[in-house]
Amino acid sequence: YQSMREKHGLAYSVYSSLQTYSDCGAFYIYAATDKLNAEKAEKLLFDEAKKIVNSKITTAEWRRAKEQLKSSSIMELESMSARMQSLCKNELNSGSYMSVEETISKIESVTIEQITELANKYLDPAMWSKAMLSPKSKKIAH
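Below is a summary of the structure that appears in this document. What you see is a predicted model, and the numbers here were worked out from it, not measured in a lab. (Residues numbered from 1 in each chain as written. Predicted model: local features only at pLDDT ≥ 70, side-chain atom pairs only at ≥ 80, totals over all residues. Heavy atoms only, no water.)

### Here we look at the packing of aromatic side chains
Here is step 1 of the chain: Enumeration according to the criterion identifies two aromatic pairs in this entry.
Here is step 2 of the chain: Seen in terms of ring centroids, Phe46 and Trp128 are 5.1 Å apart; in terms of plane orientation they differ by 55 degrees. Their pairing is tilted. With a gap of 82 residues between them, Phe46 in helix 2 (residues 38–54) and Trp128 in the segment after helix 6 (112–122) connect regions that are remote in the sequence.
Here is step 3 of the chain: Residue Trp128 is classed as partly exposed on the basis of its relative accessible area of 26%. (Phe/Tyr/Trp six-rings, centres within 6.5 Å; stacked < 30°, edge-to-face > 60°. Helix = DSSP H or I, 4+ residues; strand = E, 2+ residues; numbered from the N terminus. Buried < 20%, exposed > 50% of the residue type's maximum accessible area, 1.4 Å probe, protein only.)

See the structure below:
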């Protein structure tokens, strides 16, 4: 986000998301950009993914990510609808309920080595699929 939007000014919105299911999942990166910047934005996304694969995560980044994940897990429980969705998701995916304590324990158990292994496995742009949506050009009458 910082590189694409703030440093290079290539996108209006940039984010990533993870969808997990019991037998599969999807990790995706979204960037909303002008048609003229699409190729530059795509190249920058791929370059950032390569940096993640080729650089080891720092201890500070690892700790910050864990704290953010723990905080968001706890904050999610403040909304009744989010709590119900979480309970249903856990029941459907694993057939059981995972307490906040169990969730935090699992987050704490993740190592930098595990993150590096997963990054090498899933963030290789050669394995990615790509979808690009663009509005049809409108002809302007003069």
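After that view of the structure, there is still more to cover.
### A short note on the pattern of salt bridges
Once the charged atoms of two side chains with opposite charge are near each other, the side chains can pair.
Here is step 1 of the chain: Taken as a whole, this structure holds five salt bridges when the rule is applied.
Here is step 2 of the chain: Linking Glu42 and Lys130 is a salt bridge whose minimum nitrogen-to-oxygen distance equals 3.1 Å. Of this pair, Glu42 sits in helix 2 while Lys130 sits in the segment after helix 6; the two residues are 88 residues apart in sequence, bridging distant segments of the chain.
Here is step 3 of the chain: On the basis of relative accessible area, Lys130 is assigned to the exposed category, the value being 57%.
Here is step 4 of the chain: Several salt bridges share partner residues, and in doing so they unite Glu67, Lys70 and Glu108 into one network. (Salt bridge = Lys/Arg side-chain N within 4 Å of Asp/Glu carboxyl O.)

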